[in-house]
2 protein chains.
Amino acid sequence: MKLRIIVTLKNGVLDPQGKAIQHALSGLGFDGVHDVRAGKLFELEVADDTSDAAIDEMCRKLLANTVIENYRVERA
Amino acid sequence: MKLRIIVTLKNGVLDPQGKAIQHALSGLGFDGVHDVRAGKLFELEVADDTSDAAIDEMCRKLLANTVIENYRVERA
């Protein structure tokens, strides 16, 4: 089973990487970029019998820092 | 207009970060994780009249290294 786990910073958490990208895009002449947020993506190939609870635990224990990040699991 | 740009390593490119995550998951007792690939995600808020060509150029010039990475643009 293929999973796509998307980890993004929570709203209100400063994102200096995103700000740097936005600034760089503007420097390259791309106008109209109002906001950039940088996140992480993990593509996992797991056994078909992996439970939702186990997937959730992987995210909370390792893949995302739930103090400042949200995560979302998508099945591909 | 909200865009989600997903940058992943091309097939065949070694992914030490993914391998480290896979190893760590196994160390935490999660069996059945066959593969992990790590990627990047950028959420952009751009002007509604931004052309597809401009978005593509942003990806090729700054967001992705097309020698080793693929990118995909999703409209949210």
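Residues numbered from 1 in each chain as written. Chains lettered and ligands numbered in written order. Predicted model: local features only at pLDDT ≥ 70, side-chain atom pairs only at ≥ 80, totals over all residues. Heavy atoms only, no water.

For chain A, an unreviewed UniProt entry supplies the name Phosphoribosylformylglycinamidine synthase subunit PurS and the organism Sphingomonas gei. Database annotation for chain A, UniProt heading Subcellular location (unreviewed entry): "Cytoplasm". You can read under Pathway (unreviewed entry) in the UniProt record for chain A the words "Purine metabolism; IMP biosynthesis via de novo pathway; 5-amino-1-(5-phospho-D-ribosyl)imidazole from N(2)-formyl-N(1)-(5-phospho-D-ribosyl)glycinamide: step 1/2." (UniProt positions renumbered as here; feature names shortened; annotations may be inferred.)

So, about the sheet that holds strand β1 (residues 2-9) of chain A. Across a sheet, paired strands are connected by hydrogen bonds in the backbone, their directions being either parallel or antiparallel. Across the sheet, six strands lie side by side as β3(A)-β1(A)-β2(A)-β2(B)-β1(B)-β3(B); this open sheet has antiparallel pairing. Looking at strand neighbours, the two that pair on one side only are β3 (69-75) of chain A together with β3 (69-75) of chain B, the edges of this open sheet. On average, adjacent strands in this sheet sit at an angle of 25° to one another, irrespective of strand direction. Where strand β1 (residues 2-9) of chain B and β3(B) come together, seven bridges link them in antiparallel fashion. Across the sheet, Ile5(B) pairs through a bridge with Val73(B), a residue of β3(B). Relative to strand β2 (residues 33-46) of chain A, helix α1 (residues 16-27) of chain A is tilted by about 125°, and along the sheet it contacts β2 of chain A together with β2 (33-46) of chain B. (Pairing = 2+ DSSP bridges. Helix = DSSP H or I, 4+ residues; strand = E, 2+ residues; numbered from the N terminus. Axes fitted to C-alpha atoms, helices over the stretch in contact; angles between N-to-C directions. Contact = heavy atoms within 4.5 Å.)

With that settled, the discussion passes to the pattern of salt bridges. If the charged atoms of two oppositely charged side chains come close together, the side chains can form a pair. All names here are of chain A. Enumeration over the complete set of coordinates arrives at 18 salt bridges over all chains. We note a salt bridge from Lys61 to Glu57, for which the minimum N-O separation is 3.1 Å. Of this pair, Lys61 and Glu57 both sit in helix α2 (residues 52-63), four residues apart, which is roughly one turn of the helix. What makes Glu57 partly exposed here is its relative accessible area of 30%. (Salt bridge = Lys/Arg side-chain N within 4 Å of Asp/Glu carboxyl O. Buried < 20%, exposed > 50% of the residue type's maximum accessible area, 1.4 Å probe, protein only.)

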